[in-house]
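Close look at the chain arrangement
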Protein chains: 2
Amino acid sequence: MSPQLDRAALEELVLFACRLAELAGRAILPHFRNLESIDNKQPADFDPVTAADREAERVIRDEILRVYPRHGIVGEEFGSTRGSEPFTWMIDPIDGTRAFIAGLLHWGVLVALNDGARPIVGAMHQPYTRETFFGTRDGAQMRRESQSMPLQVRKIERIQDAILSATDPAMFANGPERDAFRSLAATVKMRRYGGDCYAYAMLAAGHIDLVVEASLNPYDIQALIPIIEGAGGIVTSWVGGDASHGGRVIAAGDERIHAAALEILKRAPLDS
Amino acid sequence: MSPQLDRAALEELVLFACRLAELAGRAILPHFRNLESIDNKQPADFDPVTAADREAERVIRDEILRVYPRHGIVGEEFGSTRGSEPFTWMIDPIDGTRAFIAGLLHWGVLVALNDGARPIVGAMHQPYTRETFFGTRDGAQMRRESQSMPLQVRKIERIQDAILSATDPAMFANGPERDAFRSLAATVKMRRYGGDCYAYAMLAAGHIDLVVEASLNPYDIQALIPIIEGAGGIVTSWVGGDASHGGRVIAAGDERIHAAALEILKRAPLDS
């Protein structure tokens, strides 16, 4: 069973998540568009990882150990640290490393807090644009410099009117998975690629109606779930289950759009 | 014959181009992520145009008429105004309207000055990130707030190491055009979609090696040509001709990458 937190406790944790993401952003920013720091962990499979990634995760880990030493930590770069409490921080220092390497803007620092059952706090920070998106069950907000505004998904009825985003049409495995995505892409009004975490933030902000992706890691999605849910949206797997394990994920602003999209996706004979 | 301008005259014109783009940016920014101002010119074919687009073009036109009343103007929204001199300003108030509508960041104001033969001055401005990229034959620069830096393409030798960008894999017509793009996409190291004008700016800045697109309008590309050329890159059609008419365009940082990409693209039996 997951522990019950009151509103004040949750507020404190989400502000801490923002702080972590912003501290990481400060470590990352000097490396953005700095061509010398690009590194490559797995040359064979091209999984680009930068010095920024590692520095940022270290900053976040140090700060968690200082403030919540009993919490667990799972990060993309340095693996898992078990805590003595059920709480675990899930970190993706740079979600969208490919965009980052290409000098583009749709990437961000992701920080989630999982209570042992599900992500209850999420923060996404883009240090170059100075934006932070964050949420809990009590709501979601965006702040930029001195400005702050509530995040609220868009409610629309017909999937034919939806704006759909996915990071790359090639992220779907050839065969039924790609066919399912293509059917959905052919149904909506507009498609945009190249979004990574930023597309989910824009879904929470009411500008995108659907994000449909595959092959996600848990740390790619956990921070985004409380932001989208806090903004009134819904995030599940392609068959309507828990999205926090990653894999095939669908996020929608309106539950009617979510239902219509699941209907289209389930026509493909996908194994779990 | 196109008129000869000295360095000082060109400098004055490129700073004016930046001013136009930044004035337009000020008109556009209040509409960004403002859900009420989205409009639709052609509901059947979904060509989204916003109030921002029109206001921005009007601001630019007024300023050109005030300072260079004898220059011509070609804009996406309000068509062409002939000038009594060979100079024509080419305006795309928001290049990347779909990204704009989706709340994403890869869009910008494009302003080019064509001397009757070719674009000699180009500026691209993203008002949300406060960046301006600009160039002439004498060089290219980027400025953001109080910072300024020269733009310089990346020189790499092998196309297998290149980062390729295109706005949407679906922008290529089914058949030989799409096949040609796919062959190229399969050859490079990494692909990123969803860039619009911003991808060309990142090519000029040395983070992307190739941008390959189709179905461009002249005002989509003219501003970007002097920026890329000023940064040491090359922009042509898919058969190596003049890119300033739009259509199928290829931009590369290194001429060896450009040549290798043309070689792959020309295997497809494309008409003109």
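Residues numbered from 1 in each chain as written. Chains lettered and ligands numbered in written order. Predicted model: local features only at pLDDT ≥ 70, side-chain atom pairs only at ≥ 80, totals over all residues. Heavy atoms only, no water.

1. Details of the pairing of strand 5 (residues 88-95) of chain A
Residue and element names in this part refer to chain A. Burial analysis of strand 5 places 7 of its 8 residues in the buried class, which makes it a mostly covered element. Relative to strand 5, strand 3 (residues 72-75) is paired through 4 bridges, and the arrangement is parallel. Among the inter-strand pairings, G75 is bridged to a residue of strand 5, identified as I91. (Buried < 20%, exposed > 50% of the residue type's maximum accessible area, 1.4 Å probe, protein only. Helix = DSSP H or I, 4+ residues; strand = E, 2+ residues; numbered from the N terminus. Pairing = 2+ DSSP bridges.)

2. Quick notes on the relation of the copies chain A and chain B
Rotating chain A by 180° and translating it 0.0 Å along the rotation axis places it on chain B, where the RMSD comes to 0.0 Å. As the rotation angle and translation indicate, the two copies are arranged about a two-fold axis. Among all residues of chain A, the one whose C-alpha sits closest to the rotation axis is G194 of chain A, at a distance of 2.5 Å. When the interface residues of chain A are mapped onto chain B, 100% of them are again interface residues, pointing to one common binding face. (Least-squares fit on C-alpha atoms with pLDDT ≥ 70 in both. Contact = heavy atoms within 4.5 Å.)

3. Concerning the sheet that holds strand 11 (residues 163-166) of chain A
For sheets, the rule is that strands pair by backbone hydrogen bonds, running either parallel or antiparallel. Residues and elements named next belong to chain A. Spatially, 12-11-13-15-14 is the arrangement adopted by the 5 strands of the open sheet, whose pairing is mixed. Each edge of the open sheet carries a strand with a single partner, namely strand 12 (190-193) and strand 14 (234-237). Sheet twist, expressed as the average angle between the axes of neighbouring strands with direction ignored, equals 20°. Here strand 11 pairs with strand 13 (residues 210-216) via 2 bridges, running parallel. Across the sheet, the residue bridging to L164 is L210, located in strand 13. (Axes fitted to C-alpha atoms, helices over the stretch in contact; angles between N-to-C directions.)

4. What about the interface of chain A and chain B?
The partner chain B presents 36 residues to the 36 residues of chain A that form the contact. Approximately 3,400 Å² of surface area, both sides summed, lies buried where chain A meets chain B, with 60% of it carried by carbon and sulfur atoms. For the chain A face of the interface with chain B, the top three residues by lost area are L104, R192 and H207 of chain A, together amounting to 19%. The tally of links between chain A and chain B comes to 6 salt bridges. Among the ionic pairs, R33 of chain A bridges to E131 of chain B, the shortest N-O distance being 2.9 Å. (Buried area = accessible area lost by both parts, 1.4 Å probe. Salt bridge = Lys/Arg side-chain N within 4 Å of Asp/Glu carboxyl O.)

5. Observations regarding helix 5 (residues 196-204) of chain A
Residue and element names in this part refer to chain A. The buried fraction of helix 5 is high, at 9 of 9 residues. Residues of helix 5 that are buried include every one of D196, C197, Y198, A199, Y200, A201, M202, L203 and A204, and no others. A positive backbone phi angle near 90° is found at G206, which sits one or two residues after helix 5.

6. A word on the packing of helix 1 (residues 7-28) of chain B against helix 2 (residues 51-67) of chain B
Residues and elements named next belong to chain B. At a minimum axis separation of 8 Å, helix 1 and helix 2 run at an interaxial angle of 145°. Helix-helix and strand crossings are classified by hand; for helix 1 and helix 2 the assignment is right-handed. For the pair helix 1 and helix 2, contact is made by F16, R19, L20, L23, A24, A27 and I28 and by A52, E55, A56, V59, I60, E63, I64, R66 and V67, respectively. (Left-handed = near helix turned anticlockwise from the far one by under 90°.)

7. Notes on the confidence of the model for chain A
All names here are of chain A. Put simply, chain A has an average pLDDT of 92, and 93% of its residues get 70 or more. Segment residues 40-48 is flagged for pLDDT under 50; beyond a separation of four residues in sequence, or across chains, it makes 17 contacts in the model. If you check the scores for this complex, the pTM reads 0.94 and the ipTM reads 0.93. (pLDDT = per-residue confidence, 0-100.)

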